[in-house]
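Results of the structural survey
So the chains spell out like this:
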Amino acid sequence: MRSSFTVFAALVAASLVATPLVITASNALATAEYSDTVTMPAAVTPIEVAAVPAPAVAETCARKVRVVYAGYGAESCKR
């Protein structure tokens, strides 16, 4: 039990030490900030937006039903 815990703790410690090293190395190998490519502005097409009122719909149901899921997934009582 102690041996497996020691191995696990060593792996955790090694990963904590290795993480900053890996991040530093990946930042060092990243591409430079300057670029030789020319960026072109994207064409923007304006869109006219208008508010549309919601249609007034009369309620078609005369009564409301409320469903309560008490005991969902439990076996029903058998008498």
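Please refer to the structure placed before this passage.
This text gives an overview of the structure that appears in the document. None of these values were measured; they are calculated from a predicted model.

We now examine the overall build of the protein. Assigned secondary structure in the protein consists of one helix and zero strands. For the protein, the exposed area adds up to about 8,800 Å²; of that, 64% sits on carbon and sulfur atoms.

For the rest of this paragraph, the subject is a nonpolar patch on the surface. Together, Phe-5, Phe-8, Val-12 and Leu-16 line one region of the surface with nonpolar side chains, adding up to about 450 Å² of accessible area. Locating Leu-16 in the fold gives a position in helix α1 (residues 2-28). Exposure remark for Leu-16: the relative accessible area of 61% places this residue in the exposed category.

Taking 1.5 Å of rise per residue, 27 residues should cover 39 Å, and α1 covers 39 Å from first to last C-alpha, within 8% of that figure. Along α1, the sharpest change in direction is near 30 degrees and occurs at Ala-18; proline Pro-20 comes one to four residues later.

Rules and cut-offs
Residues numbered from 1 in each chain as written. Predicted model: local features only at pLDDT ≥ 70, side-chain atom pairs only at ≥ 80, totals over all residues. Heavy atoms only, no water. Helix = DSSP H or I, 4+ residues; strand = E, 2+ residues; numbered from the N terminus. Areas by Shrake-Rupley, 256 points an atom, 1.4 Å probe, with all protein chains shown as cover. Patch = residues over 30% accessible without salt bridge, like charges linked within 9 Å, V, L, I, M, F, W, Y side chains within 5 Å. Salt bridge = Lys/Arg side-chain N within 4 Å of Asp/Glu carboxyl O. Buried < 20%, exposed > 50% of the residue type's maximum accessible area, 1.4 Å probe, protein only. Expected span 1.5 Å × (residues − 1). Bend = angle between axes of the 7 residues up to and from the residue.

Taken by themselves, the reported measurements are silent on function.
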